Amino acid sequence: QLLSYPIRAEYTTVTAAVVTRDPQVWYHSIVINKGTKDGIKIDFPVVGLMNGQEGLVGRVVETSFAASKVLLISDSLSALVGSCPASGDDGVVEGTNGYELLFRHLRPETAIEKNQVVVTAGTGGVFPAGIPVGSVAKIESEEQDAFRTVRLRPRLNLSQLRDVIVLIKKSE
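These numbers come from a predicted model, not from an experiment. (Residues numbered from 1 in each chain as written. Predicted model: local features only at pLDDT ≥ 70, side-chain atom pairs only at ≥ 80, totals over all residues. Heavy atoms only, no water.)

Considering the sheet that holds strand β12 (residues 163–169)
One closed barrel holds the six strands; their spatial order is β1-β2-β5-β4-β3-β12, and the pairing between them is antiparallel. Pairwise comparison of adjacent strand axes, ignoring direction, gives a mean angle of 45° for this sheet. Here strand β3 (residues 45–50) runs beside β12; their pairing, made up of two bridges, is antiparallel. Bridge pairing links V46 to V166 in β12. (Pairing = 2+ DSSP bridges. Helix = DSSP H or I, 4+ residues; strand = E, 2+ residues; numbered from the N terminus. Axes fitted to C-alpha atoms, helices over the stretch in contact; angles between N-to-C directions.)

Take a look at the structure:
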């Protein structure tokens, strides 16, 4: 399935196996079997494929010669700029240390509906634009609130990760 990953012209890819994760902090991080010897560096984006769907997994936060630690998007220390393709509005996607993500700081008039897909905005210098992050599970705030907050289901089931893809910018 990883062989069918869509090609992004400005990136090369390295496939990696998930070798360990801490059961005490399941939604925080994973360790993969690729490291600096494979060209992996801190802040490289990590994606996955499940059931033919691409989804964001996280970013590399530690590297060694033969392994790397990936901070999952579900970790509460994870934050990235997400975008609603239907409206063009951006917000901040944050982890909750659980299965859901929060999509915050949306304008009150942002048109967003249940099951709508949120993608990476491509700002911030880590994640390229257009990677699916999750889909809208619940809209928590009302239009009269100062900002809208939305709960997202991650695009991939992060608890079932076995293999991932590290994106390496060709200019690196």
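So much for the structure itself; the text now carries on.
Some details on the nonpolar core
In this structure, I30, V57, F103, L161 and V164 are the most contacted members of the largest nonpolar core, which totals 41 residues. Top element by residues in this core is β12. It accounts for five residues. Residues within four places of V57 in sequence aside, it is in contact with I30, V46, V47, G48, V70, L71, L72, I73, L156, L158, L161 and V164. (Core = buried A, V, L, I, M, F, W, Y, C linked by side-chain atoms within 4.5 Å. Buried < 20%, exposed > 50% of the residue type's maximum accessible area, 1.4 Å probe, protein only. Contact = heavy atoms within 4.5 Å.)

What to know about the sheet that holds strand β11 (residues 148–154)
Strand order in the closed barrel formed by six strands is β6-β7-β8-β11-β10-β9, and the pairing between neighbours is antiparallel. Averaged over all pairs of adjacent strands, the angle between their axes in this sheet comes to 40°, without regard to strand direction. Sheet topology places strand β8 (residues 101–106) next to β11; four bridges connect them, and they run antiparallel. The residue bridging L106 from the neighbouring strand is R148, located in β11.

Some thoughts on the pattern of salt bridges
For the coordinates displayed, the defined rule picks out eight salt bridges. E62 is paired through a salt bridge with K69; the nearest N and O atoms lie 3.9 Å apart. In this structure E62 comes out as partly exposed when scored by relative accessible area, which is 45%. Assessed through its relative accessible area of 29%, K69 is described here as partly exposed. D89 is the salt-bridge partner of R107, the closest N and O atoms lying 2.8 Å from each other. A residue pair is termed long-range when its members are at least 10 positions apart, and R107 in the loop between β8 and β9 (117–120) and D89 in the loop between β6 (79–83) and β7 (90–95) qualify at 18 residues. For D89, a relative accessible area of 11% translates into the label buried. (Salt bridge = Lys/Arg side-chain N within 4 Å of Asp/Glu carboxyl O.)

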